[in-house]
Amino acid sequence: MALKLADYKTDVHNDWCPGCGDFGILNAIQMALFDMHIPHHRAAIFSGIGCSGKTPHFIHTYGIHTLHGRVLPFAQGAKLSNPELEILAVGGDGDGLGIGAGHFVAAGRRNVDMVYIIFNNGVYGLTKGQAAPTLKLGMKTKSLSQPNVNNSVNPISLALIAGFSFIARGYSYDVRHLKDIIRKAIEHKGLAFLDILQPCPTYNDINTREWFQGLDNINPKTDMQMPRTYKLEEAGYDGVIHKEDEINDKMAQVIEKSNEWDNKIPIGIFYQNEHIPTYQERILARIPDYIENPPSKQAVSDQNNKSITSIDKLLTDLRVDK
Ligand code: SF4
């Protein structure tokens, strides 16, 4: 029987604050899974800790709520164990770019074929709005007693330098555009990173929905408000690496675009490079039957329920001095 969009929702009570941008991201993920007809048992959503950490509870797929900053090791391990699963990892900017920053950089080097989504609101919402890694220097949200004393991380540039092979940004209130980006990220061959701008109306009273809509950003010529986000694809930008000899130029344009902020914030695909082998392809070069016989399909016990697992064969297969 064909799945309906409603089939991707659960009846778990959702206590996100009214108006939270998390709702738009949740809807976009469900819409992308529905659009792609991905069966429930073929997808797994992993989360870290934070308001966004509750996301897997609300999506009818496998869901794993992991540890603060550690969502990527869990999610990568699942994908390597069962390459048939579509894996999405989610978390906040504090979770992924604060305590999880080391895993973020290491993941870029591996290029495991999966998607990592950061719900980026500049604050630690779950713990009352402390400044998170993407909050700009000098910003004073209503939950801070003093302006932010730290400079901010640029998630797009960091992902590029770390080696992510698909990098995009979405906006949580532009749900259809966001759904299309999530779909392209899932279809991408390699590790995709999505930086989703997500107002937190409870603790970030600066980057609000009204701010993104440009209520205070008036065009002096027309006297009309100008939305702060614009779509890269509508501005003639092409982030796809069509030939390997254009990588340096395209990386430079990603850095340039990623520094745009304030009154002109790009959303869309910044970078897509499918010329980098995925981690699964690298493993396959060493273990020829990896795809047919991944760890998830291997027996772990005999008919008497006695463990037959041994890490010796795996370690032998992966020896670097063979
Ligand atoms: Fe959303 Fe902020 Fe409320 Fe968390 S604290 S649920 S991020 S509005």
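Draft legend 1. Spotlight on the overall build of the protein. Helix and strand content of the protein: 10 helices and 10 strands. Whereas a compact globule of 322 residues would reach a radius of gyration of roughly 20 Å, the protein reaches 21 Å, a difference of no more than 12%. Dimensions of the protein, computed from the C-alpha atoms along their principal axes, are close to 75 × 50 × 45 Å. The 322 residues of the protein split such that 47% are buried. Taking as baseline every contact in the protein between residues at least 6 positions apart, the subset at least 24 positions apart corresponds to 69%. A total of about 15,800 Å² of accessible surface is found on the protein, and carbon and sulfur atoms cover 55% of it. Of the charged side chains in the protein, 33 are positive and 36 negative, and the gap between their average positions amounts to 2 Å.

Draft legend 2. Here's a closer look at the nonpolar core. Membership of the largest hydrophobic core comes to 32 residues, with the highest contact counts inside it found for Phe104, Phe164 and Ile167. In this structure Phe164 touches Phe104, Ala107, Gly108, Ala159, Leu191, Ala192, Phe193 and Tyr271, once residues within four positions along its chain are discounted. Of all hydrophobic cores here, the second largest spans 31 residues; its members include Ile25, Ile29, Ile59 and Leu178.

Draft legend 3. Spatial organisation of the site of the ligand. If you check the shell around the ligand, you find Trp16, Cys17, Cys20, Cys51, Asn121, Gly125, Gln198, Cys200, Pro201, Thr202 and Tyr203 and nothing else. Its residues assigned to classes, the shell around the ligand shows 7 nonpolar, 4 polar and no charged.

Draft legend 4. Local environment of unusual backbone geometry. Of note, Asn111 is a non-glycine position whose phi angle comes to about 60 degrees, a positive value. Relative to the helices and strands, Asn111 is located in the loop between helix H4 (101-110) and strand S4 (115-120).

Draft legend 5. Up close: the side chain of Asn204. In this structure, Asn204 sits in the loop between strand S8 (192-197) and helix H7 (209-213). According to the relative accessible area criterion, Asn204 is buried, its value standing at 2%. Polar contacts involving the side chain of Asn204 include one to the main-chain amide nitrogen of Asn207, which spans 3.0 Å. Those residues in contact with Asn204 that lie beyond four places of it in its chain are Asn121, Val123, Leu135 and Thr141.

Draft legend 6. Representation of the pattern of salt bridges. If you walk through the whole model with that rule in mind, you get 15 salt bridges. Close ionic contact of Arg183 with Asp35 constitutes a salt bridge, the shortest N to O distance being 3.5 Å. Here Asp35 lies in helix H1 (residues 22-35) and Arg183 lies in helix H6 (residues 175-187), a separation of 148 residues in the sequence. Judged by its relative accessible area of 26%, Arg183 falls in the partly exposed class.

Draft legend 7. Highlighting the pairing of S4. Among the 6 residues in S4, 6 count as buried, and that is most of the element. Burial along S4 is two-sided: Val115, Ile117 and Phe119 facing one way and Tyr116, Ile118 and Asn120 facing the other are all buried. Bridge count for strand S3 (residues 86-92) against S4 is 5 bridges, and the pairing is parallel. Of the residues in S4, the one forming a bridge with Gly92 is Phe119.

Draft legend 8. Main features of H1. An ideal rise of 1.5 Å per residue puts 20 Å on 14 residues; H1 measures up with 20 Å between its terminal C-alpha atoms. Counted residue by residue, H1 has 10 buried out of 14 residues, so it is predominantly covered. For H1, the full list of buried residues reads Asp22, Gly24, Ile25, Leu26, Ala28, Ile29, Gln30, Met31, Ala32 and Leu33. In the stretch just after H1, His37 is the one whose phi turns positive, near 55 degrees.

Draft legend 9. Highlighting the side chain of Ser47. Position of Ser47 relative to the elements: it lies in strand S1 (residues 43-47). Under the relative-accessibility criterion, Ser47 is labelled buried at 0%. A polar side-chain atom of Ser47 sits 2.6 Å from the main-chain carbonyl oxygen of Gly53.

Draft legend 10. Quick look at the environment of Glu86. Along the chain, Glu86 turns up in strand S3. Residues Glu86 and His40, 46 residues apart in the sequence, show an inter-C-alpha distance of 10.0 Å.

Cut-offs applied
Residues numbered from 1 in each chain as written. Predicted model: local features only at pLDDT ≥ 70, side-chain atom pairs only at ≥ 80, totals over all residues. Heavy atoms only, no water. Helix = DSSP H or I, 4+ residues; strand = E, 2+ residues; numbered from the N terminus. Rg over C-alpha atoms; globule rule 2.2 N^0.38 Å. Buried < 20%, exposed > 50% of the residue type's maximum accessible area, 1.4 Å probe, protein only. Contact = heavy atoms within 4.5 Å. Areas by Shrake-Rupley, 256 points an atom, 1.4 Å probe, with all protein chains shown as cover. Lys, Arg positive; Asp, Glu negative; His and termini not counted. Charge placed at Lys NZ, Arg CZ, Asp CG, Glu CD. Core = buried A, V, L, I, M, F, W, Y, C linked by side-chain atoms within 4.5 Å. Near = heavy atom within 4 Å. Nonpolar A, V, L, I, M, F, W, Y, C, P; charged D, E, K, R; others polar. Polar contact = N/O pair within 3.5 Å; in protein donor to acceptor, adjacent residues only side chain to side chain. Salt bridge = Lys/Arg side-chain N within 4 Å of Asp/Glu carboxyl O. Pairing = 2+ DSSP bridges. Expected span 1.5 Å × (residues − 1).

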